[in-house]
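Summary of the model geometry
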Amino acid sequence: MKAWIVSDIHSSPMDFFLTRRLDVPEADICLCAGDIANNIERSIDFLFAEIAPHMSVVVTLGNHDCYGSSIARALEYARKWTAGTNVHVLENEEFRKDDLRIIGATLWTEFEITAHDAGHLPVDVRRDLAISECRRALVDFREIYRSDERRDGEGGYISAREMISRHKDSRAYIEAALRNRSRGQLWFSLIMRRPRGHLTHGLLGHISNAAFASDLSTMIQAKKPTFWIHGHVHCFQDYVEGETRVLCNPRGYRNERPGGGFQPGFVIETSSSAR
């Protein structure tokens, strides 16, 4: 089976005027690791209009897909309008086809990676500093509404507490799912967030790295999924972590500097020889 790997499409209404179309290659299935557009309605419309006519789509939502909404509402909308179709939205869920098993989650963040200038600090201090800086610097905290109950003095936008809670739930789900791996099955982990603490992104050294990656390298090395596919960091990645091939093929923003390495026709064969 041929799988097209893509993420961070960042579709915009301006694409029509700028002739910024996404070239869809020949494949059997599209594995999309989030950030299709800047709201869930456009994200789902894009998948149906541009990709689903050509192949089945398995997708996890990114942070941008939840803009103007809450995570819970975005997932509810996506599931409602994709039910019974060839577009499959995963959040702590699994998709199976023949010997192919795909587990998917957005993963969000626990704000604990060490790949920044404050990485030497104790984890509690490091986390608190990262949360404080990310609240100031990240658009997420001004574009995504909260799904959890509001506490006294809190506003209506997403909290770091909700992100951490969702990260822990997804991480536990992924570990449990990979524990049940059967012989002969091909396992894909489709995750929005980068799974290593080190970044080759332009944010290297900045504490806001904590919003872009979580270190899951130990889990990957221990559980050995066949492939780990992620997005969120706008830089092409194809490397091996333990026995797992890690892939990221982001298109990025329309006004982004070239150099991310996006490959429009990045299609892999889903077999053990494709590692």
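Source: prediction; values computed, not measured.

Another aspect to go through is the overall build of the protein chain. Each helix and strand in the protein chain was counted, giving six helices and 11 strands. Within the protein chain, buried positions represent 55% of all 275 residues. For the protein chain, long-range pairs separated by at least 24 residues make up 68% of all intrachain contacts whose partners lie at least 6 apart in sequence. Only carbon and sulfur atoms are counted for the fraction: they give 48% of the accessible area of the protein chain, which is about 12,300 Å².

Time to look at the confidence of the model for the protein chain. Averaged over every residue, the pLDDT of the protein chain is 85; the share at 70 or more is 86%. The lowest-confidence element of the protein chain is strand S7 (residues 186–191), averaging 66 in pLDDT; the highest-confidence one is strand S4 (residues 87–89), averaging 97. Throughout residues 197–202 the model reports pLDDT below 50, and contacts reaching past four residues in sequence, or to other chains, amount to 16 contacts.

With that out of the way, let us pick up the state of the cysteines. Between two cysteines, a covalent bond joining their sulfur atoms is known as a disulfide. For the structure shown, the criterion picks out zero disulfides. Cys32 supplies the cysteine sulfur nearest to Cys30, a cysteine that is in no disulfide, at a spacing of 5.3 Å. For Cys30, a relative accessible area of 0% gives the class buried.

Take helix H1 (residues 40–51) next. Count 3.6 residues to each turn of an α-helix, and residues three or four apart come out pointing the same way. With 12 residues, H1 extends 16 Å between its outermost C-alpha atoms, agreeing within 8% with the 16 Å of an ideal straight helix rising 1.5 Å per residue. Burial in H1 covers these residues: Ile40, Ser43, Ile44, Phe46, Leu47, Glu50 and Ile51. In a view along the axis of H1, the buried residues occupy a sector of 160 degrees, so they form one face of it. For H1, the elements touching its buried residues are strand S1 (2–6), strand S2 (29–33), strand S3 (56–60), helix H2 (71–82) and S4. Between the side-chain oxygen at the start of H1 and the backbone nitrogen of Glu41 there is a gap of 3.3 Å, and the oxygen is on Asn39.

The next subject is helix H5 (residues 160–179). For H5, with 20 residues, the first-to-last C-alpha span of 29 Å sits near the 28 Å given by 1.5 Å per residue. Those residues of H5 not exposed but buried are Ala160, Glu162, Met163, Ile164, Arg166, His167, Ser170, Ile174, Ala177 and Leu178.

Across all of its chains, the model carries 11 salt bridges by this definition. When the shortest N-O distance is used, the salt bridge between Lys2 and Glu269 registers 3.3 Å. Placement of the pair is Lys2 in strand S1 and Glu269 in strand S11 (residues 267–269), with a sequence separation of 267 residues. A relative accessible area of 41% places Lys2 in the partly exposed class. A residue is classified by how much of its surface remains accessible, and Glu269, at 35% relative accessible area, is partly exposed.

Here Phe111, not a glycine, exhibits a phi torsion of approximately 60 degrees, which is positive. One can find Phe111 in the loop between strand S6 (100–105) and helix H3 (123–137). Looking at Phe111, the relative accessible area reads 0%, which means it is buried. Of note in the backbone geometry, Lys224 takes a positive phi value of approximately 55 degrees without being a glycine.

This brings us to the packing of H1 against H2. Running from N to C, H1 and H2 cross one another at 30 degrees; their axes reach a closest spacing of 10 Å. As the angle between them shows, H1 and H2 are arranged roughly parallel. Seen along the crossing, H1 lies across H2 with a hand that is right-handed. Contacts from Ile40, Glu41, Ile44 and Phe48 in H1 reach Arg73, Ala74, Tyr77, Ala78, Trp81 and Thr82 in H2.

Moving on: the packing of aromatic side chains. Enumeration over the complete set of coordinates arrives at three aromatic pairs. Seen from their ring centres, Tyr77 and Trp81 are 6.2 Å apart, and the 50 degrees between their planes marks the pair as tilted. One end of the pair is Tyr77 and the other is Trp81, both in helix H2 and four residues apart, which spans about a single turn. By relative accessible area, which is 48% here, Trp81 ends up partly exposed. Geometrically, the ring pair formed by Tyr145 and Tyr157 is stacked, given 5.1 Å between the ring centres and 25 degrees between the ring planes.

Counting 47 residues, the largest nonpolar core has Trp4, Cys30, Leu47, Ile51, Val57, Val59 and Phe111 as its most contacted members. At the level of secondary structure, the elements contributing two or more residues to this core comprise S1, S2, H1, S3, H2, S4, H3 and H5. In terms of nonpolar packing, the next biggest core, distinct from the first, is built from 15 residues, Ile29, Val58, Leu90 and Leu100 among them.

So, how was this worked out
- Residues numbered from 1 in each chain as written.
- Predicted model: local features only at pLDDT ≥ 70, side-chain atom pairs only at ≥ 80, totals over all residues.
- Heavy atoms only, no water.
- Helix = DSSP H or I, 4+ residues; strand = E, 2+ residues; numbered from the N terminus.
- Buried < 20%, exposed > 50% of the residue type's maximum accessible area, 1.4 Å probe, protein only.
- Contact = heavy atoms within 4.5 Å.
- Areas by Shrake-Rupley, 256 points an atom, 1.4 Å probe, with all protein chains shown as cover.
- pLDDT = per-residue confidence, 0-100.
- Disulfide = S-S within 2.5 Å.
- Expected span 1.5 Å × (residues − 1).
- Arc of directions from axis to C-beta.
- Polar contact = N/O pair within 3.5 Å; in protein donor to acceptor, adjacent residues only side chain to side chain.
- Salt bridge = Lys/Arg side-chain N within 4 Å of Asp/Glu carboxyl O.
- Axes fitted to C-alpha atoms, helices over the stretch in contact; angles between N-to-C directions.
- Parallel < 35°, antiparallel > 145°, perpendicular 65-115°, else oblique.
- Left-handed = near helix turned anticlockwise from the far one by under 90°.
- Phe/Tyr/Trp six-rings, centres within 6.5 Å; stacked < 30°, edge-to-face > 60°.
- Core = buried A, V, L, I, M, F, W, Y, C linked by side-chain atoms within 4.5 Å.

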